[in-house]
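Residue-level structural notes
Okay, here's what each chain looks like letter by letter:
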Amino acid sequence: MEKELTFQDLGLPEALLAALDQKGYGYPTRVQAEAIPPLMAWKDVIAKAPTGTGKTFAFGIPMICHIDAESEALQGLILAPTRELAIQIGDELRGLLAYYKNIRVAVVYGGQKIDAQIRQLKKKPQIVVATPGRLMDHYNRHTLRFDQIQTVILDEADRMLDMGFFKDVTKIIEKIKNRKNMGLFSATISQEVMTVSWMYQRDEVEITVPADAENKPDIDQYSLTVSALDKENAVLQLLRLGGFERVIVFCNTKIMCQRLCDDLVRAGVKADCIHGNISQNVREKTMQTFRRGELPVLIATDVASRGIDVDDVDCVINYDVPEENEYYIHRIGRTGRAKKKGVSYAIIGNFPEQAKLDEIAKYSHFTIQPMALTETGLVPVEVKKPVIKKRYK
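Procedures and definitions
Residues numbered from 1 in each chain as written. Predicted model: local features only at pLDDT ≥ 70, side-chain atom pairs only at ≥ 80, totals over all residues. Heavy atoms only, no water. Helix = DSSP H or I, 4+ residues; strand = E, 2+ residues; numbered from the N terminus. Rg over C-alpha atoms; globule rule 2.2 N^0.38 Å. Buried < 20%, exposed > 50% of the residue type's maximum accessible area, 1.4 Å probe, protein only. Contact = heavy atoms within 4.5 Å. Patch = residues over 30% accessible without salt bridge, like charges linked within 9 Å, V, L, I, M, F, W, Y side chains within 5 Å. Areas by Shrake-Rupley, 256 points an atom, 1.4 Å probe, with all protein chains shown as cover. Salt bridge = Lys/Arg side-chain N within 4 Å of Asp/Glu carboxyl O. Lys, Arg positive; Asp, Glu negative; His and termini not counted. Charge placed at Lys NZ, Arg CZ, Asp CG, Glu CD. Pairing = 2+ DSSP bridges. Axes fitted to C-alpha atoms, helices over the stretch in contact; angles between N-to-C directions. Parallel < 35°, antiparallel > 145°, perpendicular 65-115°, else oblique. Left-handed = near helix turned anticlockwise from the far one by under 90°. Nonpolar A, V, L, I, M, F, W, Y, C, P; charged D, E, K, R; others polar. Core = buried A, V, L, I, M, F, W, Y, C linked by side-chain atoms within 4.5 Å.

1. Here we look at the overall build of the chain
Scanning the chain from terminus to terminus reveals 14 helices and 15 strands. The C-alpha radius of gyration computed for the chain amounts to 23 Å, which stays within 12% of the reference 21 Å derived for 393 residues, consistent with globular compactness. Summarising its shape, the C-alpha atoms of the chain cover approximately 75 × 55 × 40 Å along the three principal directions. Here the chain holds 393 residues, and 51% of them are scored as buried. Considering only residue pairs separated by 6 or more positions, the chain has 73% of its internal contacts joining residues 24 or more positions apart.

Put into structure tokens, the structure is as follows:
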């Protein structure tokens, strides 16, 4: 029987091994095992791996290993499509740096006052995590320099380039003259990602991690059909019956998100919400509270779903069935992470929502078990298969 690879086998320094041990990570995921060695050897990497497979550590660990802590120069750059993801990457890197004294990380993104970010950059971080627009803003203000950057990473490259950042990203890459290697990490390899790879990578190592049983989230998926007016009550019952410690409820609109949050709080639930109408500072504080386990119920719109990267979400509730198939996959992917069991519920309030959920199940090859809420709890609903009458000649 083949011995399972450990982080120690990858030849990482003691400070990193201690931080990983503290977090309870003894074994690298597949994308980590395949991406860390070539990145450590200064090779270019293009990696396709599903959400929740540990991509941040796959590029964060080699980047930290390469940093010269004695130098105050910016040496590692990570580009992310959204402020939420940038903040999350920054948090994960700081966790890995728990036993390092002189390596600093700064996170810069739009929607936050630039003065606070300039103060961060004055502390001479060796690693910067940034959204493309705000990074160029700082570059033009001369608050950071690109001349000593060695490694550039594009995280969620497909989404970043799809969001219209192609010109910004290519402009940034072209300004980094002394780059030694580049990593492209993505859930899908789009035409734009392939173009960036072709333009800027050389002899790249290609890594593909399929969504197989090993890394596919272990999620029990259920649906509940209620009248449109009973949806809120169904959420309350699920929260009370489930005994969940950390739940995310997704809504399709900002108005619904806020209304549901207000109603749940009135009903005595400790809940908060994040959506586009809430200021960035408040959203950040809410996310920090949720990550620390001090907020049991977070209500969100899809604008925030890709930025929520918390390993121990017990349950995801789709208050509204999402309008896009991919949104459903991203939403439920917030649970069942780090090899833990997860559960998701979709609350159906009308026939179009049922039709949409059926389409999602077919598209994603998911089994979504219909359930009914009773006084004693949840019970499965038997799905009647249509009777096909035989025709006799």
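There is more to say after this.
2. Observations concerning a positive patch on the surface
Together, K167, K171, K175 and K177 make up a region of like positive charge exposed at the surface. Structurally, K175 is set in helix α7 (residues 157–175).

3. Some words on the sheet that holds strand β13 (residues 341–348)
The strand order β10-β11-β9-β12-β13-β8-β14-β15 describes an open sheet built from eight strands, whose pairing is mixed. Both edges of this open sheet fall to β10 (271–274) and β15 (377–380), since each of them pairs with a single strand only. The sheet shows a mean angle of 30 degrees between the axes of neighbouring strands, direction not considered. Pairing of strand β9 (residues 247–250) with strand β11 (residues 297–300) involves four bridges; the strand directions are parallel. Its bridge partner lying in β11, F250 is registered against A300. Packed on one face of the sheet, helix α11 (residues 280–291) meets β9, β10 and β11 and runs near 135 degrees to β10.

4. Digging into the pairing of strand β5 (residues 151–155)
Taken across its five residues, β5 has five buried, putting it largely inside the fold. Burial along β5 is two-sided: T151, I153 and D155 and V152 and L154, pointing in opposite directions, are all buried. Here strand β2 (residues 76–79) runs beside β5; their pairing, made up of four bridges, is parallel. By the bridge assignment, I78 is partnered in β5 with I153. Examined bridge by bridge, β5 and strand β6 (residues 181–186) share five bridges and lie parallel to one another. Residue pairing for β6: L154 is matched across the bridge by L184.

5. Notes on the packing of helix α9 (residues 231–242) against helix α10 (residues 254–266)
It is the contact of α9 with α10, at a shortest axis distance of 11 Å, that shows an interaxial angle of 55 degrees. In terms of axis orientation, α9 runs oblique to α10. Both α9 and α10 take part in a crossing whose hand is right-handed. Along the contact surface, α9 presents E232, V235, L236 and L239, while α10 presents L260, D263 and L264. Looking at the contact of α9 with α10, its residues break down into five nonpolar, no polar and two charged.

6. Description of the nonpolar core
Of all hydrophobic cores here, the largest spans 39 residues; its most connected members are I61, I78, L93, I127 and F185. Of all the elements in the fold, those that place two or more residues in this core are α1 (14–23), α2 (30–40), β1 (45–48), α3 (55–66), α4 (83–96), β3 (105–108) and β4 (127–130). Leaving out residues up to four positions away in the same chain, I61 has contacts with F7, L12, L16, L20, I36 and L96. The next biggest cluster of nonpolar side chains, apart from the first, holds 29 residues, and it includes L79, M136, I149 and F165.

7. Some details on the pairing of β2
Of the two faces of β2, both are covered, the one formed by G76 and I78 as well as the one formed by L77 and L79. Two strands pair when backbone bridges link them, and β2 and β4 are joined in this way by four bridges, in the parallel orientation. Residue pairing for β4: I78 is matched across the bridge by V129.

8. Some thoughts on the environment of A98
By secondary structure assignment, the location of A98 is in the loop between α4 and β3. Distance in space between the C-alpha atoms of A98 and C257 is 36 Å, their sequence separation being 159 residues.

9. A closer look at the pattern of salt bridges
Per the stated rule, a full pass over the model turns up 13 salt bridges. Here R291 makes a salt bridge to D91, at a shortest N to O gap of 3.4 Å. One end of the pair, R291, is in helix α11; the other, D91, is in helix α4, with 200 residues separating them in the sequence. Given a relative accessible area of 26%, D91 falls into the partly exposed group. In this structure, K356 engages E359 in a salt bridge whose closest nitrogen and oxygen atoms are separated by 3.1 Å. With K356 and E359 both in helix α14 (residues 351–364), this residue pair falls three residues apart, about one helical turn.

What is shown is where atoms sit, not what they do.
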